[in-house]
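# Results of the structural survey
Each chain, written out:
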Amino acid sequence: KPQKKAETKKSIVRLGLVQWQMRPYNTLEELMQQVEYFVDSVSGYRCDFALFPEFFNAPLMAENNHMSTSDAIRELAKFTPEIVQKFSELAISYNINIISGSMPELREELLYNVGYLCKRDGSVERYEKLHVTPDEAKVWGMQGGSKIETFDTDCGKIGILICYDSEFPELSRLPADDCMDILFVPFLTDTQNGYSRVRHCSQARAIENECYVAIAGSVGNLPNVQNRDIQYAQSMVFTPCDFSFPSNGIKAEATPNTEMILIADVDIDLLRELHQFGAVKNLKDRRKDLFELTKK
């Protein structure tokens, strides 16, 4: 009798979102100790993914608060290679795929906002923020990246958009056409209106692309860090709006402005059914005879 092969593709994927509290850290070791605490926590609940927010490492800028903001962020960028290395080690040792939020990174003297997908098999992939905010460009001298892609994981295809990028529908439509199942949005917003933009745009992305969207942000205050002094967040997991999903399209939501983790299971098979049998079919019903979206 032939042996049946082991099934490796998961239908139920467990997401662990870290709603990160900004607080003073004296050293990189202290910061990464808190990171490991959260990775340990979400892996203890057998999550497949851990999602950290955009610029979670901003507290390390406090020691350079005497510098100009553009110099301080460049000093912060020096920590990025070591942080990525540590994230990769944590992904392997805790058996979890980690989306590292985002960090500043210098490449050929140009400053970018980037993050890393550290998989539990040891591989590491990089993603970039394509649309930097007017503030990032003006205050920090940051450049927009140029890479938009989907990532293969042991839990299906995922996309990652950093904060402001979630507010441009074309960007998530490209990975949706590449069979993306889950879109992750690490963000950092200072005010409630900034948060509302990310939240409502991300929810729209879940509906129009028939996928799950997980957003995670930071909370708390950083009195000694210019341009990063206040944060507002409510981390959430969004779904399409159809009969197999929550009627309001919200699978799980964190308490606003409180440090916590948010854990939610998402069913990938439900997306397959939705594509075929949904009450509406947002992906299939597009009038491609009238318009198309192409990546340059």
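Above this text is the structure in question.
Residues numbered from 1 in each chain as written. Predicted model: local features only at pLDDT ≥ 70, side-chain atom pairs only at ≥ 80, totals over all residues. Heavy atoms only, no water.

## Observations concerning the environment of K251
In plain terms, the rule: Strands are runs of DSSP state E lasting at least two residues, helices are runs of H or I lasting at least four, and both sets are numbered from the N terminus onward. Should any heavy atoms of two residues lie within 4.5 Å, those residues are considered in contact. Here a polar contact means two N or O atoms within 3.5 Å. Within protein one must be a hydrogen donor candidate and the other an acceptor candidate, and residues neighboring in sequence count only if both atoms are side-chain atoms.
Along the chain, K251 turns up in strand β15 (residues 250–253). Residues in contact with K251, not counting those within four places in the same chain, are V237, T239, P246, A264 and D265. Reaching out from K251, the side chain makes a polar contact with the backbone oxygen of D265 at a distance of 3.4 Å.

## Notes on the sheet that holds strand β10 (residues 182–186)
Here is the rule we go by: Pairing between strands is defined by DSSP: at least two bridges between the two strands are required. Orientation is described by axes fitted as lines to C-alpha atoms, over the contacting stretch for helices, and by angles from 0 to 180 degrees between their N-to-C directions.
Here 6 strands make up an open sheet; going across it, the order is β8-β9-β10-β11-β14-β15 and the pairing mixed. Each edge of the open sheet is held by one strand with a lone partner, namely β8 (151–153) and β15. Adjacent strand axes in the sheet meet at a mean angle of 20 degrees when their direction is disregarded. Relative to β15, strand β14 (residues 236–238) runs antiparallel, the two sharing 3 bridges. Looking at β15, one finds that V237 is bridged to A252.

## Examining the packing of helix α5 (residues 169–177) against helix α6 (residues 192–209)
Here is the rule we go by: Should the near helix be turned anticlockwise from the far one by less than a right angle, the crossing is left-handed, and should it be turned clockwise, the crossing is right-handed. Each residue gets one label: Ala, Val, Leu, Ile, Met, Phe, Trp, Tyr, Cys and Pro are nonpolar, Asp, Glu, Lys and Arg are charged, and the others, such as Gly, are polar.
Packing of α5 against α6 brings their axes to within 10 Å, and their N-to-C directions diverge by 35 degrees. The hand of the α5/α6 crossing is right-handed. From α5, P169, S172, R173 and A176 reach across to α6, where they touch R205, E208 and N209. Residues of the contact of α5 with α6, tallied by class, amount to 2 nonpolar, 2 polar and 3 charged.

## Let's talk about α5
Quick note on the threshold: Exposure is judged per residue with a 1.4 Å probe applied to protein chains only, and the accessible area is read against the type maximum: over 50% gives exposed, under 20% gives buried, and values in between give partly exposed.
Considered for burial, the residues of α5 that qualify are L171, S172, R173, L174, P175 and A176. Here the buried face of α5 lies against β10 and α6. Directly after α5, the chain includes C179, whose backbone phi takes a positive value near 70 degrees.

## Observations regarding helix α2 (residues 69–77)
Here is the rule: Regarding the arc, it is the one traced by the directions from the helix axis to the C-beta atoms.
When α2 is considered as a whole, its buried residues turn out to be T69, A72, I73, L76 and A77. In a view along the axis of α2, the buried residues occupy a sector of 150 degrees, so they form one face of it. Buried positions along α2 lie against α3 (80–93), β4 (103–107), β5 (110–118) and α4 (134–140).

## Here's the deal with the packing of aromatic side chains
Our working rule: Any two rings among Phe, Tyr and Trp, with Trp reduced to its six-membered ring, count as a pair given centres within 6.5 Å; such a pair is stacked if its planes are under 30 degrees apart, edge-to-face if over 60, and tilted if neither.
Overall, the coordinates contain 15 aromatic pairs when judged by the stated rule. Here W20 and Y25 contribute two aromatic rings whose centre-to-centre distance is 6.1 Å and whose plane-to-plane angle is 35 degrees, an arrangement assigned as tilted. Y25 shares its class with W20; the two are buried. Here the aromatic cluster, defined as three or more aromatic residues joined through ring pairs, consists of W20, Y25, Y37, F38, F52, F56 and F87.

## Brief notes about the side chain of R126
Here R126 shows up in strand β6 (residues 124–128). Among residues more than four places away in sequence, those in contact with R126 are E105, R107, V114, G115, Y116, K147, E149 and F151.

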